Amino acid sequence: MSATAPGPERPGLSVVVPAFNEADNLVPLIARLIPVLARIGPTCEIVVIDDCSTDATYERLCELNAGDPRIRGLRFSRNFGKEVALAAGLRHARGAAVVLMDADLQHPPELIETFVAEWRLGAQIVYGQRDRSGELPGLRRWLTRRFYRLFEAVGEVKLMRDGGDFALFDRRVVDALNALPERGRFGKGLYAWVGFRRKAVPFTPDARHAGHSRWSFWRLWMLALDAVTAFSVLPLRIWSYVGVLVSLLSLAYGAYIAVRTMVEGVDVPGYASLMVAVAFFGGVQLITLGVLGEYLGRVFTEVKRRPLYIVDRSVGLDEVVEIGTALDPGRR
């Protein structure tokens, strides 16, 4: 069995909740979480990562901590993004198992009991698998399916299909994820890369309690680029193959022109065909440079070795992991 007994100071279960402008969702979420954690066991904690919200999210967190010290968390110095918030939560969670979930109540807290049951049976990663049968067809759903198919074709790992950020990780999995150093993070790919025994638990997402999704098509597009460039070099290889193919075609065409000139005499090619060829190969070169630039930009980001995030304030945490500049944990 993968579940290891927690030490005297280690909670049995940690729940990590990334939050950005979730002041209206935080209190209802905790109200549903507390009874679930009470049924699971007495040694539980809730770690909220405030991604520099512009509303009263951190104030709500401080109020909740005053009423229940098991609820703790921190606030970033600026908005670093959900993927970084999840990474920070994993680094501050102390439990023998750690659950990741959203704050908007689309992830039903009651399902955590099923996650824990599967973990106790030996699964090291238990993840919620979205049931999309009731969803209306739309552009975003179509693009999501195309992305999964593309990633399966070019990626070095196989993603957990219809899996998201609603998952339970055994402590060994958490330690493995915390050891990964990259700055440009694609969580779903990292969860698949570390391996371990997995179990899917189907669920139907609830309606968002308050607010709206902040994942625009542009942000999803940038996340898809991060995913492909982080887990595949096939785009680079494709343009290597295209370069070889274009070179061979150019040599063949050059040979054809040479033979034709020797047989029929000097022939002045047309201006239109020349311009089309120049424009085509110019476009190929620009695309190739763009692909190289995507990878080079990510290398540049990694070699700078900037901290993954900076902590502004924290509440209830005994120790703040200093990934960058972290202020006094007791300061509010």
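Look up a bit, the structure's there.
Residues numbered from 1 in each chain as written. Predicted model: local features only at pLDDT ≥ 70, side-chain atom pairs only at ≥ 80, totals over all residues. Heavy atoms only, no water.

Novice: Help me understand the overall build of the chain in this model?
Specialist: For the chain, the helix and strand inventory stands at 10 helices and eight strands. Classification of the 332 residues of the chain by burial places 43% in the buried group. Taking as baseline every contact in the chain between residues at least 6 positions apart, the subset at least 24 positions apart corresponds to 81%. As presented, the chain carries roughly 17,400 Å² of accessible surface, and 62% of it is formed by carbon and sulfur atoms. (Helix = DSSP H or I, 4+ residues; strand = E, 2+ residues; numbered from the N terminus. Buried < 20%, exposed > 50% of the residue type's maximum accessible area, 1.4 Å probe, protein only. Contact = heavy atoms within 4.5 Å. Areas by Shrake-Rupley, 256 points an atom, 1.4 Å probe, with all protein chains shown as cover.)

Novice: Which parts of the structure should I look at to understand the packing of helix α1 (residues 23-40) against helix α2 (residues 57-67)?
Specialist: For any two helices packed against each other, the geometry comes down to the angle between their axes and how far apart the axes lie. For the pair α1 and α2, the least separation of the axes is 8 Å and the interaxial angle reads 25 degrees. Classified by the interaxial angle, the pair formed by α1 and α2 is roughly parallel. Read as a crossing pair, α1 and α2 show a hand that is right-handed. Mapping the contact onto sequence places A23, L26, V27 and I30 in α1 and T57, R60, L61 and L64 in α2. (Axes fitted to C-alpha atoms, helices over the stretch in contact; angles between N-to-C directions. Parallel < 35°, antiparallel > 145°, perpendicular 65-115°, else oblique. Left-handed = near helix turned anticlockwise from the far one by under 90°.)

Novice: Any chance you could explain the nonpolar core here in plain terms?
Specialist: If you look at soluble globular proteins, the nonpolar side chains tend to sit buried side by side. L13, V15, I46, I112 and L168 are the most contacted members of the largest nonpolar core, which totals 37 residues. Among the elements of the structure, β1 (13-19), α1, β2 (44-50), α2, β4 (97-100), α4 (112-120), β6 (163-170) and β7 (198-203) are those that each provide at least two residues to this core. Residues contacting I46, with those up to four places away along its chain left out, are V15, V17, I30, L33, I34, L37, R70, I71 and R72. (Core = buried A, V, L, I, M, F, W, Y, C linked by side-chain atoms within 4.5 Å.)

Novice: I keep staring at empty space enclosed by the protein and nothing clicks. Help me out?
Specialist: By rolling a water-sized probe across the atoms, one finds the places where empty space is left. Under the criterion given, the structure shown has one cavity of 30 Å³ or more. Considering only enclosed or pocket space, the largest cavity measures out at about 60 Å³ in volume. Around the largest cavity, the lining residues are E83, L86, A87, L90, L177, R185, G187, L190 and Y191. Those elements giving two or more residues to the lining of the largest cavity turn out to be α3 (82-92) and α7 (187-193). The element best represented in the lining of the largest cavity is α3, accounting for four residues. Across the lining of the largest cavity, the residue classes tally to six nonpolar, one polar and two charged. (1 Å grid on protein atoms, 1.4 Å probe; cavity = no way out; pocket = protein on both sides within 12 Å on 5 of 7 lines; lining within 4 Å. Points joined across faces, edges and corners; volume = space filled by probe spheres on them. Nonpolar A, V, L, I, M, F, W, Y, C, P; charged D, E, K, R; others polar.)

Novice: Just checking my understanding: could you explain a nonpolar patch on the surface for this structure?
Specialist: Among the surface-exposed residues, V259, M262 and V263 lie close enough to one another that they form a single nonpolar patch of about 350 Å² accessible area. Tracing the chain through its elements places V263 in helix α9 (residues 234-264). V263 gets classed as exposed once you look at its relative accessible area, which sits at 66%. (Patch = residues over 30% accessible without salt bridge, like charges linked within 9 Å, V, L, I, M, F, W, Y side chains within 5 Å. Salt bridge = Lys/Arg side-chain N within 4 Å of Asp/Glu carboxyl O.)

Novice: Help me understand the pattern of salt bridges in this model?
Specialist: A side chain of one charge can pair with a side chain of the opposite charge when the charged atoms of the two come close. Taken as a whole and judged by the stated rule, the model has 10 salt bridges. In this structure, the salt-bridge partner of D175 is R171, at a minimum N-O distance of 3.2 Å. Of this pair, D175 and R171 both sit in helix α6 (residues 171-178), four residues apart, roughly one helical turn. The exposure class assigned to R171 is buried, which follows from its relative accessible area of 10%. Salt bridges sharing partners connect three or more residues here, namely E45, R72 and R94.

Novice: What should I look at first to understand the packing of aromatic side chains in this one?
Specialist: The relation between two aromatic rings is expressed through the spacing of the ring centres and the mutual angle of the planes. Within the structure shown, the criterion is met by five aromatic pairs. For the ring pair F76 and F80, a centre distance of 5.4 Å and an interplane angle of 85 degrees mean the geometry is edge-to-face. Considered together, F76 and F80 belong to a single accessibility category, that of buried residues. Through successive ring pairs, a cluster of aromatic residues spans F76, F80 and Y309. Seen from the ring of F80, R78 lies directly overhead, with NZ or CZ sitting 4.0 Å from the centre. (Phe/Tyr/Trp six-rings, centres within 6.5 Å; stacked < 30°, edge-to-face > 60°. Lys NZ or Arg CZ within 6 Å of the ring centre and 35° of its normal.)

Novice: Looking at this structure, I do not really get unusual backbone geometry. What am I missing?
Specialist: Backbone geometry places N21, a non-glycine residue, at a positive phi of 55 degrees. Position of N21 among the secondary structure elements: in the loop between β1 and α1. Assessed through its relative accessible area of 18%, N21 is described here as buried. Here the phi dihedral of C52 falls at roughly 55 degrees; this positive angle occurs in a residue that is not glycine. Summarising the element assignment, C52 is placed in the loop between β2 and α2. Its relative accessible area of 18% is what places C52 among the buried residues.

Novice: In this structure, what is going on with α1? I would like to understand it.
Specialist: Owing to its 3.6 residues per turn, the α-helix brings residues three or four apart onto one side. Here α1 contains 18 residues, and its C-alpha end-to-end distance of 26 Å stays within 8% of the 26 Å for a straight helix at 1.5 Å per residue. Of the residues making up α1, those classed as buried are A23, N25, L26, L29, I30, L33, V36, L37 and I40. Considering only its buried residues, α1 is in contact with β1, β2, α2, β3 (71-76) and α4. (Expected span 1.5 Å × (residues − 1).)

Novice: I would appreciate a short explanation of the environment of R172 in the present structure.
Specialist: If you trace the backbone, R172 turns up in helix α6. Along the chain, R172 and A97 lie 75 residues apart, while their C-alpha atoms are 8.8 Å from each other. Setting aside its immediate chain neighbours within four residues, R172 contacts Q124 and F196.

Novice: Would you mind showing me how to read the environment of K188 here?
Specialist: Residue placement: K188 occurs in helix α7. The buried category is assigned to K188, whose relative accessible area is 19%. Placed 105 residues apart in sequence, K188 and E83 show a C-alpha to C-alpha distance of 9.6 Å.

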